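Descriptive structure summary
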Amino acid sequence: MTTTVAEPVGTHTNAESTAYGWSPRVGLYSAALLGLSLLLITLWQSVMPDTAPPTAVRVVLVVAGVMFLPGIPVVIALRIPGRALSTVLAVSVSVSINALAAQVSIVAEAWNPLRTQSIVVILGLVACAVAFRTVPARTSSGPIGFARHRWTGRRGCELLALAVAVVMFVAAARSIDVLDAGHYGVIALVGPWYIVGIAIAAGVLVSALRARRLDTVVLGALTTVIILFNTMLVGLATGQTSIPTSFVHRGFISILAESHHLPSQIDARFSWAGFFALSAGIQDLTGLSDVTALMMWASLVSGIVLSFGLYAIAIAITGRARLAWLAVFLYHATNWYQQDYFAPQAMAMIGYTAIIATLFWQLRRAPLPPLTGDTRGQRIRQAISRTPGRVPGFGPGRTLAVGAVVLVIITANTVTHQITPMLTVLALAAFALTGATRYRTLWLAAGLIFAAWFTYGATDYWFGHLPSVVSEIGQVGQSVNAGVGDRLNGDPTYQRMQYLRMAASGGFVLLGLVGWSLWRGRRSWAVGGMVCASPFVLVFLQSYGGEMILRAFLLASPTVAPFAALALALLAPRLRRMFAPAVVVGAMVLVTLLGVLETTNRGLNTAFEATTRDEVAVTDAFIAAAPPDARVLSFGYAPQSVGVRRTLDPAGPQLFTVDSYDCLDDLARCADEHGPDYLYIPNQGLQMIALQYGVPLAEVHDEIDAILASGTYVTDVDTDSVTILRRVTEPSIDYSGVLGPNYRRDLP
């Protein structure tokens, strides 16, 4: 029999105000203004396409529409309290609905981004009108922190210090030449000003968390600065995204924007095209030729949005704002995985945190039947069968509506990413098994949605990969070896640097385990532990191209962070008994060292991941002008070459890579045997051969010289970032449009 509790008595009277995360009226007026602006631009583009608004204006408005409509009115209508939860939920709902609309339109071969946007915006405006009717006369959202009396000298000093840290960061980033990066990564290039900037930010962090009254303005600004330091160093140095896979996604998006349908048997990632379809719509609506301009800033934006979800989870688990902020900082201080870039994973991660944060919030607020069994077995059976009450103030209809909103996010994640939906099923099952949610069958609904999409929408994937997927189930050793062992190869110094990454991830999880073990007996203890462990269950299912063990650590981090913060909080009473100035200085030094370690870990692959403007421009020009059916041997994976011509043009260039150690041992012979028309040699590829495969750069350059000495090939273009050799019988390609008229003067 299922254990239930009586519904809570109504908590609001006519004299009381209703709590919201943000001012509901300001939010609805802002959402309505945004929607009307988008409709006006849509009408403008339809009637006068030759005089459309500036591209920058369209980019800002379209991206804002995708992020906030119709999520703002939905969250306000549901009366979601708490700024962190309401923000991440509003963004997740908006992005999910827009992604689903784009996915439906491209699957149905009814691609029309203007029409799709107009429908979503109109629905958002209708939702605003409905939400206005639900807003009571008296509302409260708590002080934001902008009141005049809060602008103290301490706040001014801390904000000024953060501004100085940002200036030092930008100066340090602009002085970096990523082509000088080697086996130590970007940390060897940052210079002293960067370290000083980290130290200043560390000082502000210690000061802000020690304050008697937390200053959310300073802490919010500090979070943004930390994310800036962590994600934008290489981007500001190069003017490009720091993750080369972003260019593969750029190519996928251009393919959808050009063809208006999902291509088949090209790449399995098109089986989860929600993010790509959404981005293709943004590309069309903004008039951008591609999404390169958006890719550089994606990590910063996604990191900021994700922080709201991290805070919401942490405050629901710990109940203490100070620990919630500490959890956010701990997450970013160990987030070296670089999965917050312009990718489906980043979108799915935000959606996942919104789902988990919502369930933890309900668990904290709702009445929960106590476990009264005499034995552990009885208490476990009671936990499995119990059902929490409803959140005070939430009746049956609104509780059901919250569940429906969560299901929308689950559906969008299912058509966007392969791994996150499986994790969501496991996490929801953990809530159900521990009796920590009213949505006891939500895990089953999520599983059915995933199974349906995998059967219908992912046919390209399982037709080509089903045998390998089945064979990987239960092969834990293979998954771990692919994720860890296979990475400990190549350059010896680079190999040893990998241990720093392992130490950071292992130490973070170990700290979380300590905090979790000491949190025993609290209502979030059992389900929190199971949600933390859920990502590691995925290691039993498949290796995910050798990345599953790394993804497990990443996906566990949002729920590990609060428990890690709890572990550190246990040290606070002991530290208070020590000499206060020494504790403060020691904490600042420790945070600074942690920042340097995170920079080291995140930037370790800079040598073969950083992309320069020249590399993008030359590669784009090369792919566009290469002769029909040209055969190109690439020293590396050439992510910048993925796009419309290479994929959709039947006579497009055919790229193949150095595909064996035998080929690496004698590149000149390998080139002669393959007989390519062009050799594409980016610095990224050379550094990957040196660091991941252990072939010294000097030997690789000797091999290239031998290829030129054979007389079969000549240099067509040679920059610091990329060199292209052409067979003497093939036509030369003109790069003057991207390199200037004198680019050939240094060629032999």
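That block above? That's the structure.
Read on for a plain summary of the structure. (Residues numbered from 1 in each chain as written. Predicted model: local features only at pLDDT ≥ 70, side-chain atom pairs only at ≥ 80, totals over all residues. Heavy atoms only, no water.)

1. Points about the state of the cysteines
Counted under the stated rule, the structure contains one disulfide. Note that C663 is cross-linked by a disulfide to C670, the S-S spacing being 1.8 Å. Where C663 bonds to C670 through sulfur, the torsion about that S-S bond is close to -90°, and the disulfide is left-handed. For the pair shown, C663 and C670 are each scored as buried. (Disulfide = S-S within 2.5 Å. Buried < 20%, exposed > 50% of the residue type's maximum accessible area, 1.4 Å probe, protein only.)

2. Brief notes about helix α33 (residues 697-709)
Residues lying three or four places apart along an α-helix face the same way, a consequence of the helix completing one turn every 3.6 residues. Taking 1.5 Å as the rise per residue, α33 with 13 residues should run 18 Å; its terminal C-alpha atoms sit 18 Å apart, in good agreement. Here α33 has its buried residues at V700, E703, I704 and I707. One face of α33 carries all of its buried residues, which in axial projection span an arc of 100°. Opposite the buried face of α33, at more than 90 degrees from it, the exposed residues are A698, D702 and A709. Residues of α33 that are buried sit in contact with α30 (661-665), α31 (667-674), β5 (678-682), α32 (683-692), β6 (713-718) and β7 (722-727). (Helix = DSSP H or I, 4+ residues; strand = E, 2+ residues; numbered from the N terminus. Expected span 1.5 Å × (residues − 1). Arc of directions from axis to C-beta. Contact = heavy atoms within 4.5 Å.)

3. Digging into the environment of L500
As for its position among the elements, L500 is in helix α22 (residues 492-518). Excluding residues within four positions of it along the chain, L500 makes contact with L597, T600 and N601.

4. Quick word on the packing of helix α23 (residues 525-537) against helix α24 (residues 548-569)
The geometry of α23 relative to α24 is characterised by a closest axis approach of 7 Å and an angle of 165° between their N-to-C directions. Here α24 runs roughly antiparallel to α23, going by the angle between their axes. Seen along the crossing, α23 lies across α24 with a hand that is left-handed. Seen from α23, the contacting residues are G528, V531, C532, P535 and F536; seen from α24, they are A552, F553, L555, A556, T559, V560 and F563. Tallied by class, the residues present in the contact of α23 with α24 amount to 10 nonpolar, two polar and no charged. (Axes fitted to C-alpha atoms, helices over the stretch in contact; angles between N-to-C directions. Parallel < 35°, antiparallel > 145°, perpendicular 65-115°, else oblique. Left-handed = near helix turned anticlockwise from the far one by under 90°. Nonpolar A, V, L, I, M, F, W, Y, C, P; charged D, E, K, R; others polar.)

5. Things to note about the pattern of salt bridges
Applying the stated rule across the entire model yields nine salt bridges. The partner of D620 in a salt bridge is R250, with the nearest N and O atoms 3.1 Å apart. Separated by 370 residues along the polypeptide, D620 in helix α28 (residues 613-625) and R250 in helix α10 (residues 245-259) bring together distant segments of the chain. A relative accessible area of 32% places D620 in the partly exposed class. With its nearest N and O atoms 2.7 Å apart, the salt bridge here joins R602 to D340. (Salt bridge = Lys/Arg side-chain N within 4 Å of Asp/Glu carboxyl O.)

6. Quick notes on the side chain of S105
Here S105 is to be found in helix α4 (residues 83-107). Here A102 takes part through its backbone oxygen, which lies 2.8 Å from a polar atom of the side chain of S105. Discounting chain neighbours no more than four positions away, the residues touching S105 are A110, W111 and T116. (Polar contact = N/O pair within 3.5 Å; in protein donor to acceptor, adjacent residues only side chain to side chain.)

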